[in-house]
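Here are the chains, one letter per residue:
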Amino acid sequence: MYVLIVPASVPFVLLATVMGLSWWEDRILPAAPAEPVDHPAKAPFVPAAPAPLAELSRVDTALTTEVAGR
């Protein structure tokens, strides 16, 4: 009979553990310090200019070593 109770109670034990840790984090642990108000704002990220694309060969141009070497 105990063999059936233990696997059935595992989810409830895990839920109680998570809820207890959540309560402990909220009530017992000290709060994180607030960020200072005079903290300078970060500069917006500006991506670098994209690299220029290589010139594509024309469709009607035969594929030669000169064209393939580009």
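Look up a bit, the structure's there.
Calculation criteria
- Residues numbered from 1 in each chain as written.
- Predicted model: local features only at pLDDT ≥ 70, side-chain atom pairs only at ≥ 80, totals over all residues.
- Heavy atoms only, no water.
- Helix = DSSP H or I, 4+ residues; strand = E, 2+ residues; numbered from the N terminus.
- Buried < 20%, exposed > 50% of the residue type's maximum accessible area, 1.4 Å probe, protein only.
- Areas by Shrake-Rupley, 256 points an atom, 1.4 Å probe, with all protein chains shown as cover.
- Expected span 1.5 Å × (residues − 1).
- Bend = angle between axes of the 7 residues up to and from the residue.
- Patch = residues over 30% accessible without salt bridge, like charges linked within 9 Å, V, L, I, M, F, W, Y side chains within 5 Å.
- Salt bridge = Lys/Arg side-chain N within 4 Å of Asp/Glu carboxyl O.

1. Brief notes about the overall build of the protein chain
Each helix and strand in the protein chain was counted, giving two helices and zero strands. Put simply, the protein chain has 70 residues, and 1% of those count as buried. Summing over all exposed atoms, the protein chain offers an accessible surface of approximately 7,400 Å²; the carbon and sulfur share of this is 70%.

2. Examining helix H1 (residues 2-27)
Helix length check: H1, at 26 residues, gives a terminal C-alpha distance of 36 Å against a target of 38 Å (1.5 Å per residue), a fit within 8%. The largest bend in H1 comes to about 40°, at Val-10, with the proline Pro-11 one to four residues further on.

3. Here's the deal with a nonpolar patch on the surface
A cluster of nonpolar side chains, namely Leu-21, Trp-23, Trp-24, Ile-28 and Leu-29, defines an oily patch on the protein surface of about 520 Å² accessible area. Inspection of the secondary structure assignment puts Trp-24 in helix H1.

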